[in-house]
Amino acid sequence: MFIQTEATPNPATLKFIPGRVVVDGSPMEFSSRESAARSPLAEKLFDVPGVTGVFYGSDFITVTKASGEWQQLKPAILGAIMEHYMSGAPLLADGTVTSDADLDDEDEFFDEADAETVDMIKDLIETRVRPAVANDGGDITFRGFKDGIVYLNMKGACSGCPSSTATLQHGIQNLLKHFVPDVVEVRPM
């Protein structure tokens, strides 16, 4: 098994590509050791000193560090990923593939009168923004819409990335304002 690595725009996050499907469905994020308890692989990755976040995309895993150098951390991370896939263990401890999307949908907020606008915003995020963000090892999800402000949640490599503010305000905000006149601003949550 050969696992490729790629740098992301976030220097604290590295993208690992195992050459197979990681998540068949919506991405999953583990931002603490406690949340990682539902995934044996995420637990192993949190055992590597300095690891503070794990994110599963469709065909990649991003790992975020708080400390240490990648050249020291990479061998342990690669070993944990390889061991997981060679063992044939399920991605989640209970064998399910429940994704974060189910949890994200529960927390959305917007006025029912804005439902049509929100559908347009979600469609643009799904078709134009998420694929580009996934290339950088992250994900972005709709959280809410109120008073012309779109609230988005950045995940994976995008969470805490130095360039995420520019991406939100110049890229995503301009795109949404162009196609959806009701949008006046985009903010992270």
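Along every chain, residues carry numbers that run from 1 in the direction the sequence is written. The predicted nature of this model means local features are confined to residues of pLDDT at least 70 and side-chain atom pairs, given and counted, to a pLDDT of 80 or more, with totals for whole chains, interfaces and linings taken over all residues. Side-chain metrics in this entry use all non-hydrogen atoms of the structure; hydrogen atoms and water are not considered.

## Quick look at the environment of Asn 135
Line of reasoning, step 1. Numbering of helices and strands runs from the N terminus; a helix is a DSSP stretch of H or I covering at least four residues, while a strand is a stretch of E covering at least two. Residue placement: Asn 135 occurs in helix α4 (residues 115–135).
Line of reasoning, step 2. Relative accessibility decides the category of a residue: with a 1.4 Å probe and only protein chains considered, values under 20% of the type maximum give buried, values over 50% give exposed, and everything between is partly exposed. According to the relative accessible area criterion, Asn 135 is exposed, its value standing at 56%.
Line of reasoning, step 3. Separated by 79 residues in the primary sequence, Asn 135 and Tyr 56 place their C-alpha atoms 13 Å from one another.
Line of reasoning, step 4. The contact criterion used throughout is that any non-hydrogen atoms of two residues lie within 4.5 Å. Residue contacts for Asn 135: discarding those within four places in its chain leaves Glu 6 and Lys 15.

## Quick look at the packing of α4 against helix α5 (residues 164–179)
Line of reasoning, step 1. The angle between two axes is taken between their N-to-C directions and runs from 0 to 180 degrees, where each axis is a line fitted to C-alpha atoms and a helix contributes only its stretch in contact. Put simply, α4 and α5 touch, their axes get as near as 11 Å, and they point 130° apart. Classified by the angle between their axes, α4 and α5 sit oblique to one another. When the axes of α4 and α5 are compared, the crossing they make is right-handed. Where α4 abuts α5, its residues Met 120, Ile 121, Leu 124, Arg 128 and Val 129 lie against Ile 172, Leu 175, Leu 176 and Phe 179.
Line of reasoning, step 2. Taken together, the residues of the contact of α4 with α5 break down into 8 nonpolar, no polar and 1 charged. Any angle from 65 to 115 degrees is called roughly perpendicular, while one under 35 is roughly parallel, one over 145 is roughly antiparallel, and all others are oblique. Take the far helix as the reference: if the near one is turned anticlockwise from it by less than a right angle, the crossing is left-handed, and if turned clockwise, right-handed. Charged residues are taken to be Asp, Glu, Lys and Arg, nonpolar residues to be Ala, Val, Leu, Ile, Met, Phe, Trp, Tyr, Cys and Pro, and polar residues to be all remaining types, Gly included.

## A word on the nonpolar core
Line of reasoning, step 1. Here the nonpolar core consists of buried residues drawn from Ala, Val, Leu, Ile, Met, Phe, Trp, Tyr and Cys, with membership extended through side-chain atoms lying within 4.5 Å. The biggest cluster of nonpolar side chains holds 26 residues, and the ones touching the most others in it are Phe 30, Leu 45, Val 54, Tyr 56, Ile 61, Ile 77 and Ile 81.
Line of reasoning, step 2. Elements that contribute at least two residues to this core include exactly β2 (13–17), β3 (28–30), α1 (40–46), β4 (51–56), β5 (61–65) and α2 (70–87).
Line of reasoning, step 3. In terms of residues, this core owes the most to one element, α2, which gives 6 residues.
Line of reasoning, step 4. Residues in contact with Leu 45, not counting those within four places in the same chain, are Val 51, Val 54, Ile 61, Val 63, Ile 77, Ala 80 and Ile 81.
Line of reasoning, step 5. Among the nonpolar cores identified, the runner-up in size contains 20 residues, and Leu 124, Phe 142, Cys 158 and Leu 175 belong to it.

## Examining the pattern of salt bridges
Line of reasoning, step 1. Should a side-chain nitrogen of Lys or Arg be within 4 Å of a carboxyl oxygen of Asp or Glu, the pair is scored as a salt bridge. Evaluated as defined, the whole model comprises 7 salt bridges.
Line of reasoning, step 2. With a shortest N-O distance of 2.9 Å, Glu 126 and Arg 130 are connected by a salt bridge. On the criterion of helical spacing, the pair formed by Glu 126 and Arg 130 is a turn pair, its members being 4 residues apart in helix α4.
Line of reasoning, step 3. With relative accessibility at 45%, the residue Glu 126 sits in the partly exposed group.
Line of reasoning, step 4. Residues Arg 187 and Glu 185 are paired through a salt bridge, measuring 2.9 Å at the closest nitrogen-oxygen approach.

## What to know about the pairing of β4
Line of reasoning, step 1. Extensive coverage of β4 is indicated by the burial of 5 of its 6 residues.
Line of reasoning, step 2. A strand pair is defined by DSSP finding two or more bridges across the two strands. Two elements, β3 and β4, share 3 bridges in a ladder whose sense is antiparallel. If you follow Phe 30 over to β4, its bridge partner there is Val 54.
Line of reasoning, step 3. Bridge count between β4 and β5: 5 bridges; the pairing is antiparallel. In the strand pairing of β5, Gly 53 is matched with Thr 64.
Line of reasoning, step 4. Remark: 4 residues form the turn of the hairpin made by β4 and β5, two consecutive strands paired antiparallel.

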